[in-house]
Amino acid sequence: MSFSDRLESLTQQISHSMAQGPLTSSAKPPIIIGASKTQPITQLQNAIHAGLTHFGENRVQEAQEKWPTLRAAHPDITLHLIGPLQSNKAKEAVALFDVIHTLDRPKLADALKHAMHAQDKSCRLLVQVNTGEEPQKAGVIPQDLPPLLAYCAQLHLPIVGLMCIPPADLAPAPHFALLRQLAERHHLPELSMGMSEDAAIAARFGATMVRVGRHLFGERTG
Ligand SMILES: *Cc1c(COP(=O)(O)O)cnc(C)c1O
C-alpha cells in the first residue's frame, strides 16, 4: 500500500468511528500528526507529497538532523514534539518545534518560558497527563494537573491542551474520556490522544490531534 492509501484508510476509519459516537457528532475530525521517529528523509518526503502537513518527532536531536532542510523546502509544515523533553534541551526544542506536547513539570515550564522569551518565539504547549498513573511514564498525574496549570498561567505560557498515552495493556477509552473531562474542566481546546491502534477510538472521544506512526509509515525498523 502506498502512503496515500494508508492515509486514506486512516481518515476513513476515523470518520467511520466518529459517526458512531453521539459524543462528538458535530466535531471536526482530528488533525493527523505523522509520528515520524526513526523514519528516513525519503519516507518523510513521501508523506509530504501525499499531503501530510503535521509531523511529530520524539527526540530533539533526531529532529534537528532531519527537519531543517525539509522545512525550508516546505514552509507549510507544522512540527510537533511528542516525546519527553529535558529542561536543558528546551532552547533547541523551542527553536525547532511549533507545538510541544510533553510539558509535565514546573522546571520544564520555567525552561520553556525562558527559551521562548530569549528567542521571542511562542510555541503552543500541551500538558502531558499520566492518566494511568504509571510510575515509569512521563506526564503529570491528574491530581497534580491543577497546580501545574496554575503555575503555567502565572508564567503566561500558551497552554492549549492536554496529551496522554494510555497504559499499553488496558482499554484506552476510559483514559481518553478522563483526558477530555480534564480539558473541559480547564477550558483547554486541544486533545492530543490516539496512536495507530486506537486513533479511531480517540477521535470518537474528542481527540483534536492523533499521533500515528506505524499505521502510516509501516513498522519501525530503528
Ligand atoms: C511513536 C509514538 C506515537 C505513534 O505510535 P504508533 O503506535 O507507531 O502509531 C504516538 N505518540 C508518541 C508519543 C510516540 O512516541
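Residues numbered from 1 in each chain as written. Predicted model: local features only at pLDDT ≥ 70, side-chain atom pairs only at ≥ 80, totals over all residues. Heavy atoms only, no water.

(A) Spotlight on the pattern of salt bridges. As enumerated under the stated definition, the model contains seven salt bridges in all. Residues Glu 57 and Lys 66 are paired through a salt bridge, measuring 2.9 Å at the closest nitrogen-oxygen approach. For Asp 98, the salt bridge is made with Arg 71, and the minimal N-O distance between the two is 2.5 Å. Highlighted residues: Asp 98 in the loop between α4 (90-96) and β4 (99-103) and Arg 71 in helix α3 (residues 60-73), separated in sequence by 27 residues. Overall, the relative accessible area of 19% leaves Arg 71 in the buried class. Through salt bridges with shared partners, a single ionic network connects Glu 57, Glu 62 and Lys 66. (Salt bridge = Lys/Arg side-chain N within 4 Å of Asp/Glu carboxyl O. Helix = DSSP H or I, 4+ residues; strand = E, 2+ residues; numbered from the N terminus. Buried < 20%, exposed > 50% of the residue type's maximum accessible area, 1.4 Å probe, protein only.)

(B) Examining the packing of aromatic side chains more closely. With the rule as written, the count across this model stands at two aromatic pairs. With 5.4 Å between their ring centres and 55° between their planes, Phe 3 and Phe 217 make a pair best called tilted. Note that Phe 3 is positioned in helix α1 (residues 3-20) and Phe 217 in helix α9 (residues 214-217), a separation of 214 residues in sequence. Aromatic side chains Phe 55 and Trp 67 sit 4.9 Å apart centroid to centroid with 45° between the ring planes, which places their arrangement in the tilted category. Of this pair, Phe 55 sits in strand β2 (residues 54-57) while Trp 67 sits in helix α3; the two residues are twelve residues apart in sequence, bridging distant segments of the chain. (Phe/Tyr/Trp six-rings, centres within 6.5 Å; stacked < 30°, edge-to-face > 60°.)

(C) Inspection of the pairing of β4 at higher detail. In terms of residue burial, β4 counts as a mostly covered element, since five of its five residues are buried. Summarising the sheet, strand β3 (residues 78-81) and β4 pair through two bridges and their orientation is parallel. By the bridge assignment, His 80 is partnered in β4 with Val 99. As a crossover connection, the stretch from β3 through α4 into β4 is right-handed. As defined by bridge partners, β4 adjoins strand β5 (residues 124-128) across three bridges and the pair is classed as parallel. Looking at the pairing, Ile 100 lines up with Leu 125 of β5. What joins β4 to β5 is helix α5 (residues 106-119), and the crossover it makes is right-handed. (Pairing = 2+ DSSP bridges. Right-handed = clockwise from strand over helix to strand, strands pointing away.)

(D) Structural context of the site of the ligand. Close to the ligand lie Ala 35, Lys 37, Asn 58, Ile 82, Ile 165, Met 195, Ser 196, Arg 211, Val 212, Gly 213, Arg 214 and Arg 220. Arg 211 is positioned with one of its side-chain polar atoms (N or O) 2.9 Å from a nitrogen atom of the ligand. Gly 213 places a main-chain nitrogen or oxygen 2.8 Å from an oxygen atom of the ligand. Look at the ligand: alone it shows 380 Å² of surface, and the protein chains cover 92% of it. (Near = heavy atom within 4 Å. Polar contact = N/O pair within 3.5 Å; in protein donor to acceptor, adjacent residues only side chain to side chain. Areas by Shrake-Rupley, 256 points an atom, 1.4 Å probe, with all protein chains shown as cover.)

(E) Region of the structure containing α5. Here α5 contains 14 residues, and its C-alpha end-to-end distance of 20 Å stays within 8% of the 20 Å for a straight helix at 1.5 Å per residue. Those residues of α5 lying buried are Leu 108, Ala 109, Ala 111, Leu 112, Ala 115 and Met 116. Each buried residue of α5 lies within a common arc of 165° when the element is viewed along its axis, so the set occupies one face. Exposed residues lying more than 90 degrees from the buried face of α5 are Lys 107, His 114, His 117 and Ala 118. Looking at the buried positions of α5, the neighbouring elements they touch are α4, β4, β5 and α6 (145-154). Just downstream of α5, Asp 120 is the residue with a positive phi angle, here 50°. (Expected span 1.5 Å × (residues − 1). Arc of directions from axis to C-beta. Contact = heavy atoms within 4.5 Å.)

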